[in-house]
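Listed here are the chains, written in short residue letters.
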Amino acid sequence: MNNWTIQSNPVKQAVLTIIIIILGLLLMYGFRNFDSSSFSNSLAGFLLGVLLLVIGIPGLVTIGKETITVLPKERKILIVNKNLFRKKNHVLSFNEITTVQIGSLGTRSNGSKNYYLTLQLKSGKSFPLFFPAYYSGRFDRAIAEERRWKLESYLKQ
(Lines give C-alpha, C1' and ligand atoms only; values in the text may rest on other atoms or scores of the structure.)
Protein backbone atom coordinates (compact mmCIF):
# COMPACT_ATOMS: atom_id res chain seq x y z
CA MET A 1 0.00 0.00 0.00
CA ASN A 2 1.06 3.56 -0.64
CA ASN A 3 1.52 6.29 1.94
CA TRP A 4 -1.70 8.12 2.79
CA THR A 5 -1.46 11.85 3.56
CA ILE A 6 -4.20 14.25 4.60
CA GLN A 7 -3.67 17.95 5.36
CA SER A 8 -5.84 20.43 7.19
CA ASN A 9 -6.92 23.64 5.49
CA PRO A 10 -5.38 26.66 7.24
CA VAL A 11 -7.20 29.05 4.89
CA LYS A 12 -10.58 28.06 6.36
CA GLN A 13 -9.17 28.55 9.85
CA ALA A 14 -7.84 31.99 8.90
CA VAL A 15 -11.16 33.07 7.38
CA LEU A 16 -13.10 32.00 10.48
CA THR A 17 -10.62 33.74 12.77
CA ILE A 18 -10.79 36.97 10.77
CA ILE A 19 -14.60 36.86 10.85
CA ILE A 20 -14.48 36.49 14.65
CA ILE A 21 -12.12 39.47 14.97
CA ILE A 22 -14.22 41.66 12.66
CA LEU A 23 -17.41 40.71 14.52
CA GLY A 24 -15.71 41.55 17.83
CA LEU A 25 -14.56 44.93 16.52
CA LEU A 26 -18.04 45.69 15.14
CA LEU A 27 -19.68 44.87 18.47
CA MET A 28 -17.16 46.95 20.38
CA TYR A 29 -17.69 49.88 18.02
CA GLY A 30 -21.48 49.53 17.95
CA PHE A 31 -21.78 49.42 21.75
CA ARG A 32 -18.96 51.85 22.60
CA ASN A 33 -21.39 54.24 24.30
CA PHE A 34 -22.58 51.67 26.84
CA ASP A 35 -24.06 52.68 30.18
CA SER A 36 -21.31 51.90 32.68
CA SER A 37 -23.47 52.66 35.73
CA SER A 38 -25.43 49.41 35.43
CA PHE A 39 -25.35 46.03 33.77
CA SER A 40 -27.09 46.87 30.52
CA ASN A 41 -27.55 45.20 27.17
CA SER A 42 -25.14 47.67 25.60
CA LEU A 43 -22.47 46.74 28.16
CA ALA A 44 -23.08 43.07 27.37
CA GLY A 45 -22.70 43.76 23.65
CA PHE A 46 -19.44 45.64 24.20
CA LEU A 47 -18.04 42.89 26.45
CA LEU A 48 -19.04 40.24 23.91
CA GLY A 49 -17.04 42.17 21.32
CA VAL A 50 -14.05 42.26 23.68
CA LEU A 51 -14.37 38.52 24.28
CA LEU A 52 -14.48 37.76 20.55
CA LEU A 53 -11.44 39.95 19.99
CA VAL A 54 -9.57 38.22 22.83
CA ILE A 55 -10.41 34.84 21.28
CA GLY A 56 -9.67 35.89 17.70
CA ILE A 57 -6.24 37.48 18.04
CA PRO A 58 -4.49 34.42 19.53
CA GLY A 59 -6.37 32.31 17.00
CA LEU A 60 -4.91 34.41 14.19
CA VAL A 61 -1.41 34.03 15.57
CA THR A 62 -1.66 30.25 16.00
CA ILE A 63 -3.07 29.40 12.57
CA GLY A 64 -1.25 26.37 11.32
CA LYS A 65 -1.35 23.30 9.16
CA GLU A 66 -1.67 19.75 10.41
CA THR A 67 -0.45 16.94 8.18
CA ILE A 68 -1.23 13.31 8.97
CA THR A 69 0.72 10.69 7.04
CA VAL A 70 0.11 6.96 7.38
CA LEU A 71 3.31 5.10 6.50
CA PRO A 72 2.38 1.43 6.00
CA LYS A 73 5.91 0.21 5.24
CA GLU A 74 7.25 1.74 8.47
CA ARG A 75 4.01 0.78 10.30
CA LYS A 76 3.53 4.21 11.83
CA ILE A 77 1.47 7.38 11.66
CA LEU A 78 3.29 10.71 11.48
CA ILE A 79 1.43 13.82 12.67
CA VAL A 80 3.10 17.17 11.91
CA ASN A 81 1.69 20.42 13.31
CA LYS A 82 3.24 23.60 11.92
CA ASN A 83 2.34 27.14 12.83
CA LEU A 84 4.10 30.50 12.87
CA PHE A 85 6.16 29.69 15.96
CA ARG A 86 6.83 25.97 16.03
CA LYS A 87 6.81 22.64 14.29
CA LYS A 88 5.73 19.66 16.35
CA ASN A 89 6.03 16.04 15.23
CA HIS A 90 4.26 13.11 16.81
CA VAL A 91 4.79 9.51 15.75
CA LEU A 92 2.39 6.67 16.57
CA SER A 93 3.40 3.11 15.91
CA PHE A 94 0.76 0.75 14.56
CA ASN A 95 1.63 -1.56 17.47
CA GLU A 96 0.38 1.07 19.98
CA ILE A 97 -3.14 1.17 18.46
CA THR A 98 -5.80 -1.25 19.69
CA THR A 99 -8.95 0.12 18.00
CA VAL A 100 -10.09 2.93 15.73
CA GLN A 101 -13.39 4.61 16.59
CA ILE A 102 -15.35 7.57 15.32
CA GLY A 103 -15.71 10.47 17.72
CA SER A 104 -17.90 13.51 17.39
CA LEU A 105 -18.11 17.02 18.72
CA GLY A 106 -21.18 19.24 18.67
CA THR A 107 -24.83 18.45 18.08
CA ARG A 108 -26.91 17.90 14.98
CA SER A 109 -29.54 20.32 16.21
CA ASN A 110 -27.22 23.32 15.91
CA GLY A 111 -25.78 22.04 12.62
CA SER A 112 -22.16 21.79 13.70
CA LYS A 113 -21.50 18.13 14.41
CA ASN A 114 -17.85 17.35 13.61
CA TYR A 115 -16.56 13.81 13.11
CA TYR A 116 -13.01 12.61 13.66
CA LEU A 117 -11.18 9.37 14.40
CA THR A 118 -10.18 8.34 17.90
CA LEU A 119 -7.37 5.86 18.28
CA GLN A 120 -7.50 3.75 21.44
CA LEU A 121 -3.95 3.02 22.54
CA LYS A 122 -2.56 0.09 24.52
CA SER A 123 -1.62 2.54 27.27
CA GLY A 124 -5.34 3.17 27.87
CA LYS A 125 -5.22 6.68 26.42
CA SER A 126 -7.09 7.83 23.35
CA PHE A 127 -5.58 9.89 20.56
CA PRO A 128 -7.74 11.99 18.21
CA LEU A 129 -6.96 12.15 14.48
CA PHE A 130 -8.34 14.88 12.19
CA PHE A 131 -9.30 16.96 15.23
CA PRO A 132 -9.64 19.91 15.89
CA ALA A 133 -8.06 21.11 12.67
CA TYR A 134 -9.98 22.13 9.58
CA TYR A 135 -10.18 19.02 7.41
CA SER A 136 -12.47 18.66 4.42
CA GLY A 137 -15.42 16.43 5.20
CA ARG A 138 -15.32 16.94 8.95
CA PHE A 139 -19.11 17.41 9.06
CA ASP A 140 -19.81 14.16 7.17
CA ARG A 141 -19.98 10.90 9.10
CA ALA A 142 -19.63 8.88 5.88
CA ILE A 143 -16.21 10.42 5.27
CA ALA A 144 -15.19 9.59 8.84
CA GLU A 145 -16.36 6.00 8.27
CA GLU A 146 -14.35 5.84 5.05
CA ARG A 147 -11.23 7.14 6.82
CA ARG A 148 -11.73 4.63 9.61
CA TRP A 149 -12.10 1.77 7.17
CA LYS A 150 -8.97 2.88 5.27
CA LEU A 151 -6.90 3.24 8.44
CA GLU A 152 -8.05 -0.15 9.73
CA SER A 153 -7.03 -1.75 6.43
CA TYR A 154 -3.55 -0.25 6.86
CA LEU A 155 -3.35 -1.51 10.46
CA LYS A 156 -4.32 -5.08 9.49
CA GLN A 157 -1.46 -5.52 7.04
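Before reading on, note that the structure itself is shown above.
Residues numbered from 1 in each chain as written. Predicted model: local features only at pLDDT ≥ 70, side-chain atom pairs only at ≥ 80, totals over all residues. Heavy atoms only, no water.

**Let's talk about the environment of lysine 150**
Here lysine 150 lies in helix H3 (residues 141–156). The class of lysine 150 is partly exposed, set by a relative accessible area of 31%. For the pair lysine 150 and isoleucine 19, spaced 131 residues apart in the sequence, the C-alpha separation amounts to 35 Å. (Helix = DSSP H or I, 4+ residues; strand = E, 2+ residues; numbered from the N terminus. Buried < 20%, exposed > 50% of the residue type's maximum accessible area, 1.4 Å probe, protein only.)

**Quick word on the nonpolar core**
By size, the foremost hydrophobic cluster in this structure holds 23 residues, and its most contacted members are Ile77, Leu119, Leu129, Phe130 and Leu151. Mapped by element, the contributors of at least two residues to this core are strand E1 (4–7), strand E2 (64–71), strand E3 (76–83), strand E5 (97–105), strand E6 (114–121), strand E7 (126–129) and H3. If sequence neighbours within four positions are ignored, leucine 119 has contacts with Ile77, Leu92, Ile97, Thr99, Val100, Lys125, Ser126, Phe127, Leu129 and Leu151. (Core = buried A, V, L, I, M, F, W, Y, C linked by side-chain atoms within 4.5 Å. Contact = heavy atoms within 4.5 Å.)

**Things to note about unusual backbone geometry**
For arginine 75, which is not a glycine, the phi torsion comes out positive at approximately 55°. In this fold, arginine 75 is placed in the loop between E2 and E3.

**Regarding the packing of aromatic side chains**
Evaluated as defined, the whole model comprises four aromatic pairs. Between phenylalanine 34 and phenylalanine 46, the aromatic rings sit 4.8 Å apart at their centres with planes inclined by 35°, giving tilted as the arrangement. Placement of the pair is phenylalanine 34 in the loop between helix H1 (10–30) and helix H2 (41–61) and phenylalanine 46 in helix H2, with a sequence separation of twelve residues. The class of phenylalanine 34 is partly exposed, set by a relative accessible area of 25%. (Phe/Tyr/Trp six-rings, centres within 6.5 Å; stacked < 30°, edge-to-face > 60°.)

**Comments concerning the packing of H1 against H2**
Orientation of H1 relative to H2, taken along the N-to-C sense of each, is 150°, at an axis distance of 7 Å. By the criterion of interaxial angle, the relationship of H1 to H2 is roughly antiparallel. With respect to the hand of their crossing, H1 and H2 are arranged in left-handed fashion. Each of Thr17, Ile18, Ile20, Ile21, Leu23, Gly24, Leu25, Leu27 and Met28 in H1 lies in contact with H2, whose residues at this interface are Gly45, Phe46, Leu48, Gly49, Val50, Leu52, Leu53, Gly56, Ile57, Gly59 and Leu60. Of the residues belonging to the contact of H1 with H2, the class tally is 14 nonpolar, six polar and no charged. (Axes fitted to C-alpha atoms, helices over the stretch in contact; angles between N-to-C directions. Parallel < 35°, antiparallel > 145°, perpendicular 65-115°, else oblique. Left-handed = near helix turned anticlockwise from the far one by under 90°. Nonpolar A, V, L, I, M, F, W, Y, C, P; charged D, E, K, R; others polar.)

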